[in-house]
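These are the residues of each chain, in order.
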Amino acid sequence: MAETKIISGKDLAKKIKEDIAARVPALVEKYGRAPHLAVILVGEDPASQSYVKSKGKDAEQVGYKSTTIRLPEATTEEELLKIISDLNADSEVDGILVQLPVPKHIDEDRVIEAIARKKDVDGFHPANVAALWQKRPCVYPCTPKGVMRMLEEAGVEIEGKEAVVIGRSNIVGLPMSKMLLDKNATVTIAHSRTRNLAEVTRRADILVAAVGRLRMVTADMVAPGAVVIDVGVNRDPETGKLAGDVDYDAVVEKASVITPVPGGVGPMTRACLMENTLECYLEAMKKNNKED
Ligand code: GUN
């Protein structure tokens, strides 16, 4: 069998960010200010803290204005909603992201709905979700958007293929399935109640693992020559290192295309957040110009 292609999300993300960075000075010149991303973190979850820090760093790297609002765990829902409402009203903020999960005493759905749709860089607002499922213009959620870009980069044909997505979350599994469907894949969504999971996953030409369980996709679950995309980010309790949902060392021998963890989907999610911020900014600037 031909050698397995390993898609470096890290390299592709770097290229995407460089392309954006190259565009920003002309945009500042034209519209008078850079795109502005506001990220809110409630609480002290270490993984979330690290994600939020990276998002701020990315934004600065591409030349955006970046605001990070860190709030204590005890922040009330009302306090958070007020901050979101102020950011919604601020014409110099283009993108708002509340890092999930929020503490248990805060209603996540209310928070997501509070973000102005036109500033919803995550694509999680119900209006954006509806638009995605009705094939209308929308903000695509960053992780599945990043996966689609990786498939494209690797030259993976999607039309007519069997795609199996393991996981049915709002953030990854569901939008991922719809985006593959829109490229004319035959899509199966597998989950924790799926019977004979290995039988289902072995049908996949394209297998996307988005479960959050360390190395749960073993080599016997993968068809020879399959394209395997690993969305999982788990900490291996033995080594303390990050590893995916796919047993990489075994599956790399069997797949035709695979993504590593770390350095795979993760950096692409972040690059797509920068793209989404740019899209929201451009939409806002177009509207402003029309009103002039
Ligand atoms: N938590 C895990 N993934 C995400 C994401 O893509 N966006 C937000 N806001 N929170 C997350």
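What this report covers is the structure whose coordinates are included nearby. (Residues numbered from 1 in each chain as written. Predicted model: local features only at pLDDT ≥ 70, side-chain atom pairs only at ≥ 80, totals over all residues. Heavy atoms only, no water.)

## Section: the site of the ligand
In plain terms, the rule: We call a residue near a molecule or strand whenever a single non-hydrogen atom of that residue lies within 4 Å of it. We call two N or O atoms a polar contact when they sit within 3.5 Å, provided that within protein one can donate a hydrogen and the other can accept it, with sequence-adjacent residues counted only if both atoms are side-chain atoms. Each accessible area value is a Shrake-Rupley result obtained with a 1.4 Å probe; residue values ignore everything except the protein chains displayed when judging cover.
What surrounds the ligand is the set L97, V98, Q99, L100, D122 and F124. Q99 is positioned such that a nitrogen or oxygen atom in its side chain is 3.3 Å from a nitrogen atom of the ligand. D122 places a side-chain nitrogen or oxygen 2.6 Å from a nitrogen atom of the ligand. Contact with the protein chains removes 80% of the 270 Å² of surface that the ligand exposes when unbound.

## Considerations on the state of the cysteines
Using the following cut-off: In what follows, a disulfide is any cysteine sulfur pair within 2.5 Å.
Applying the stated criterion across every chain yields a total of zero disulfides. Of the cysteine sulfurs around C138, a residue in no disulfide, the closest is that of C280, at 11 Å. In this structure C142 is not part of a disulfide, and its nearest cysteine sulfur, from C272, lies 6.4 Å away.

## Structural notes on the environment of V164
Note the following rule: Numbering of helices and strands runs from the N terminus; a helix is a DSSP stretch of H or I covering at least four residues, while a strand is a stretch of E covering at least two. Each residue's exposure class comes from its accessible area (1.4 Å probe, protein chains only) as a fraction of the maximum for that residue type: buried when under 20%, exposed when over 50%, partly exposed otherwise. Contact definition: two residues touch when any of their heavy atoms are within 4.5 Å.
With respect to the helices and strands, V164 occurs in strand β5 (residues 162-166). We classify V164 as buried; its relative accessible area is 0%. In sequence terms V164 and I16 are 148 residues apart; their C-alpha atoms lie 27 Å from each other. The contact partners of V164, leaving out residues within four places of it in the chain, are T188, A190, V200, T201, A204, I206, L207 and V208.

## Things to note about the sheet that holds strand β2 (residues 36-42)
Adjacent strands of a sheet form backbone hydrogen bonds with each other and so pair up, either parallel or antiparallel. Cut-off, in case you're wondering: In this analysis, strands are considered paired if DSSP registers two or more bridges between them. Note on method: axes are straight lines fitted to C-alpha atoms, helices fitted across the in-contact stretch only, with angles between N-to-C directions ranging 0 to 180 degrees.
Strand order in the open sheet formed by three strands is β3-β2-β4, with parallel pairing between adjacent strands. Each edge of the open sheet carries a strand with a single partner, namely β3 (65-71) and β4 (95-98). For this sheet, the mean angle separating the axes of adjacent strands, direction not counted, is 15°. Across seven bridges, the pairing between β2 and β3 is parallel. Paired with I40 across the two strands is I69, which belongs to β3.

## A short note on the packing of helix α6 (residues 142-153) against helix α7 (residues 173-182)
What counts is decided by this rule: Orientation is classified from the angle alone, with under 35 degrees giving roughly parallel, over 145 giving roughly antiparallel, 65 to 115 giving roughly perpendicular, and any other angle giving oblique. Rotating anticlockwise by less than a right angle from the far helix to the near helix defines a left-handed crossing, while the corresponding clockwise rotation defines a right-handed one. Polarity classes work like this: nonpolar for Ala, Val, Leu, Ile, Met, Phe, Trp, Tyr, Cys and Pro, charged for Asp, Glu, Lys and Arg, and polar for all others, with Gly in that last group.
Interhelical geometry of α6 versus α7 gives an angle of 40° and a closest axis separation of 9 Å. Between α6 and α7, the interaxial angle falls into the category oblique. For α6 against α7, the interelement crossing comes out right-handed. Packed against α6, whose contacting residues are P144, K145, V147, M148 and L151, the element α7 presents P175, M176, M179 and L180 at the interface. Here the residues of the contact of α6 with α7 sort into eight nonpolar, no polar and one charged.

## Quick notes on a nonpolar patch on the surface
Basically, it comes down to this: Patch members must show over 30% relative accessible area and no salt bridge, and they are joined within 9 Å when carrying like charges or within 5 Å when they are nonpolar side chains of Val, Leu, Ile, Met, Phe, Trp or Tyr. A pairing counts as a salt bridge when a side-chain nitrogen of Lys or Arg comes within 4 Å of a carboxyl oxygen of Asp or Glu.
On the surface, Y51, V233 and L242 cluster together to form a nonpolar patch covering roughly 240 Å² of accessible area. With respect to the helices and strands, Y51 occurs in helix α2 (residues 46-61). Since its relative accessible area comes to 38%, Y51 is described here as partly exposed.

## A word on the packing of aromatic side chains
Short version of the rule: Pairs were defined over the aromatic rings of Phe, Tyr and Trp, the Trp ring being its six-membered one, requiring ring centres within 6.5 Å. Orientation was assigned from the angle between planes: stacked under 30 degrees, edge-to-face over 60, tilted for the rest.
For the structure on display, the rule yields one aromatic pair. Ring plane angle 85° and centroid distance 5.9 Å describe the contact between Y31 and Y281, whose orientation is recorded as edge-to-face. Of this pair, Y31 sits in helix α1 (residues 9-31) while Y281 is found in helix α10 (residues 265-291), placing the two residues 250 residues apart along the sequence. With relative accessibility at 0%, the residue Y281 sits in the buried group.

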